[in-house]
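A closer look at the structure
Here is how the chains run, residue by residue.
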Amino acid sequence: VNETRNREVGEYLRRLQRSMGDLPPSRRDEILAEIEEHIAAELAEVPEPTDADVRNVLERLGDPGDIAAEARDRFGIKPRRPSWTDPLAIILLLVGGFTFVGWFVGVVLLWISAAWKTRDKLIGTLILPGGLASSFLLLNLPASREECLQVAHRPSTTGTISGSVVHTTCVTHPGAFGSVGGQVFLVVLLIAPIATAVYLSWRLHQTRKQVALAS
Amino acid sequence: MCNMVAGQDRLLTQMRRGTLEYCVMALLRDEERYGFDLVKALGAVDGMVTSEGTIYPLLSRLRRDGLVKTTWEESPNGPPRRYYRLSPKGHDALDQFVDEWRRFRDSVNRFVEGEKP
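Definitions and limits used
Residues numbered from 1 in each chain as written. Chains lettered and ligands numbered in written order. Predicted model: local features only at pLDDT ≥ 70, side-chain atom pairs only at ≥ 80, totals over all residues. Heavy atoms only, no water. Contact = heavy atoms within 4.5 Å. Buried area = accessible area lost by both parts, 1.4 Å probe. Salt bridge = Lys/Arg side-chain N within 4 Å of Asp/Glu carboxyl O. Helix = DSSP H or I, 4+ residues; strand = E, 2+ residues; numbered from the N terminus. Buried < 20%, exposed > 50% of the residue type's maximum accessible area, 1.4 Å probe, protein only. Polar contact = N/O pair within 3.5 Å; in protein donor to acceptor, adjacent residues only side chain to side chain. Core = buried A, V, L, I, M, F, W, Y, C linked by side-chain atoms within 4.5 Å. Pairing = 2+ DSSP bridges. pLDDT = per-residue confidence, 0-100.

Topic: the interface of chain B and chain A
Tallying the contact residues gives 23 residues for chain B and 21 residues for chain A. At the boundary of chain B with chain A, total buried surface from both sides reaches about 2,100 Å², with 49% on carbon and sulfur atoms. Counting across the interface, chain B meets chain A through eight salt bridges. Of the charged contacts, one joins A:Glu30 and B:Arg64 as a salt bridge, the two residues approaching to 2.7 Å between their closest N and O atoms.

Regarding the environment of A:Arg55
Residue and element names in this part refer to chain A. Following the sequence through the fold, Arg 55 ends up in helix H3 (residues 51–61). Arg 55 sits in the partly exposed class, given a relative accessible area of 42%. A polar contact of 2.9 Å, which involves the side chain of Arg 55, links it to the side chain of Glu 8.

Notes on the nonpolar core
Ranked by internal contacts, the top residues of the largest apolar core, which has 42 residues, are A:Tyr12, A:Ile31, A:Ile35, A:Ile39 and B:Val24. If one sorts the elements of this core by residue count, helix H2 (residues 25–44) of chain A sits on top with six residues. Those residues in contact with B:Val24 that sit more than four places away from it in its chain are B:Leu38, B:Leu42, B:Leu58, B:Leu59 and B:Leu62. By size, the runner-up hydrophobic cluster in this structure holds 13 residues, among which are A:Ala89, A:Leu109, A:Leu200 and A:Leu204.

Some details on the sheet that holds strand S2 (residues 68–73) of chain B
Residues and elements named next belong to chain B. Judged by pairing direction, the sheet is antiparallel, and its three strands sit side by side in the order S1-S3-S2 without closing on themselves. Each edge of the open sheet is held by one strand with a lone partner, namely strand S1 (33–34) and S2. For S2 and strand S3 (residues 81–86), the ladder comprises six bridges, and the chain directions are antiparallel. Note that in S3 the partner of Val 68 across the bridge is Leu 86.

Quick notes on the confidence of the model for chain B
In the predicted model, chain B carries a mean pLDDT of 87, and the fraction of residues at 70 or more is 93%. This prediction of the complex comes with two scores: 0.66 for pTM and 0.83 for ipTM.

Written out as structure tokens, the structure is:
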């Protein structure tokens, strides 16, 4: 009995935790702890709880999805809902910049989507504006710049030769990406949009799993 | 219940939902209570709560809004328990609701029960 009880209660609590996956962690943990305590208090009232008693307690508590929906409602959190435009948003954010407007379309799709949290949307927008197109644009900046100065000297002391001597002085200015730090920065620039796309895909996958669980 | 006018079911659910938090606060008006007791007290009244578990998100919300305060207290058996009590802000909110509720209840009754004012 004890084993069945632990398994069923554990399963219930896990389902509840997953259903509340989009809630702020502190609130989720609070509700979860309270319900865990509720189950313990309920079972403590029965001297020898049977499997049926356990199931009864969980049934009275209600479906984890309903509790999560109630929590969302009480805290004014919109339920996350994936849409077919979500993968499109990820692709456009990554490579849409090559067609210029593509990236902006991606941003719009990202922000109207109900699949990501605001934090995810900020990451998607800011790392990196323009996506890979911006990375390539920055890659094509010259690594260094050479500046030459021509100075004409007229030898005045001798005065015998009418010609003049031309000196050319060249200075090399290191470019933005000439230094080692700059090189590292370049690599980061290239990886950042890809990492963001991977991150957004992972978050989308989580949302889909959660929605599948709630329905 | 199948003959209910469309939307009536929703209205009743909304009314229950809207008043539930004040029922919780009223239960805490004179004494502090353990979450479990609170849920049991609400569940014992017919038609107030369908799933006991949905009370906990409400309690969490009331706590965030500062309407109830919680304290941890030792329990005779097991880990310490969270006790809820009404805060001064909660008392004000409840008093205000009770005034409004009485007015509203009397107004509706005047029509539906045919009561004389």
